[in-house]
Amino acid sequence: YSLSAYAEALSDVDKFQEALPFAEKALSICRVSYEDNNLTLASVITTLADIYSELDRDDEALKLREEVLNLLQGVFGEKNQKLDASLKDIAESLFDLGDYENSLRFGEKVQELYAGVGLKNWDSAGVNWLVSRNLKMLGDFKKAETLALADIAAQRASPSAEFIDLALGLRNLADIYFKTG
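Quick caveat, the model's predicted, so the values are computed rather than measured.

Draft legend 1. Just the overall build of the protein chain, in detail. Counting its secondary structure elements, the protein chain contains 9 helices and 0 strands. Against the compact-globule benchmark of 16 Å for 181 residues, the protein chain has a radius of gyration of 17 Å, which places it among compact chains. For the C-alpha atoms alone, the extent of the protein chain along its principal axes is close to 55 × 35 × 30 Å. Buried residues in the protein chain amount to 40% of all 181 residues. Taking contacts inside the protein chain between residues at least 6 apart in sequence as the whole, the part at least 24 apart equals 56%. In the form shown here, the protein chain has an accessible surface area of approximately 9900 Å², with 51% of it arising from carbon and sulfur atoms.

Shown next, in the form of structure tokens:
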């Protein structure tokens, strides 16, 4: 696990190529050491998937992200808020691969999870942005605009929002307006 932590530390300073062999070795060790439904294993797989994603190895990242989702579903069940990060990661990987319909489907699953547990408005901000981007790419500009506006409002209401998240939401809205004239 410390190999994975070292890989994460290298990733934090954008040294993804250097982090890659440590993350791969950590996963190799964890696959032998842990059972399939172990959260440490999920964490190590996620670290490697994140590195693959940063290195534009999106197919490999997606495969690992799907493995993490299956693992987490085995631990927590199919409808648990703890699946949200994994579902978002898969949606992001699918978006990066240009598979907007399936990315949208996974984003909508996160929206359903959030609606089911009654999270506050600002908790859905990133998910609204993700779904809005997919709708924009699929040409459903009206729904994309509605979610983009909801995302921006949620970002502004959030006690922990970062400027970059608000900027991404505004850029998404500007892209929608640009495409619709």
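Draft legend 2. View of the layout of surface pockets. In this structure, the second largest pocket spans a volume of roughly 150 Å³. Surrounding the second largest pocket, Leu 69, Gln 73, Glu 78, Lys 79, Leu 83, Leu 87, Lys 109, Glu 112 and Leu 113 form its lining. Sorting the residues of the lining of the second largest pocket by element identifies α4 (58-76) and α6 (100-117) as the ones contributing at least two each. For the lining of the second largest pocket, the element with the most residues is α6, which contributes 3 residues.

Draft legend 3. Structural context of the packing of aromatic side chains. Counted by the stated rule, this structure contains 2 aromatic pairs. The interplanar angle of 85° and the centroid separation of 4.8 Å between the aromatic rings of Tyr 6 and Phe 22 together place this pair among those described as edge-to-face. Pair noted here: Tyr 6 is in helix α1 (residues 2-12) and Phe 22 is in helix α2 (residues 16-33), with a separation of 16 residues, a long-range link. Exposure remark for Tyr 6: the relative accessible area of 43% places this residue in the partly exposed category. Owing to a relative accessible area of 31%, Phe 22 belongs among the partly exposed residues under this scheme. Above the ring of Phe 106, the side-chain terminus of Lys 109 is found at 4.8 Å from the ring centroid.

About the thresholds
- Residues numbered from 1 in each chain as written.
- Predicted model: local features only at pLDDT ≥ 70, side-chain atom pairs only at ≥ 80, totals over all residues.
- Heavy atoms only, no water.
- Helix = DSSP H or I, 4+ residues; strand = E, 2+ residues; numbered from the N terminus.
- Rg over C-alpha atoms; globule rule 2.2 N^0.38 Å.
- Buried < 20%, exposed > 50% of the residue type's maximum accessible area, 1.4 Å probe, protein only.
- Contact = heavy atoms within 4.5 Å.
- Areas by Shrake-Rupley, 256 points an atom, 1.4 Å probe, with all protein chains shown as cover.
- 1 Å grid on protein atoms, 1.4 Å probe; cavity = no way out; pocket = protein on both sides within 12 Å on 5 of 7 lines; lining within 4 Å.
- Points joined across faces, edges and corners; volume = space filled by probe spheres on them.
- Phe/Tyr/Trp six-rings, centres within 6.5 Å; stacked < 30°, edge-to-face > 60°.
- Lys NZ or Arg CZ within 6 Å of the ring centre and 35° of its normal.

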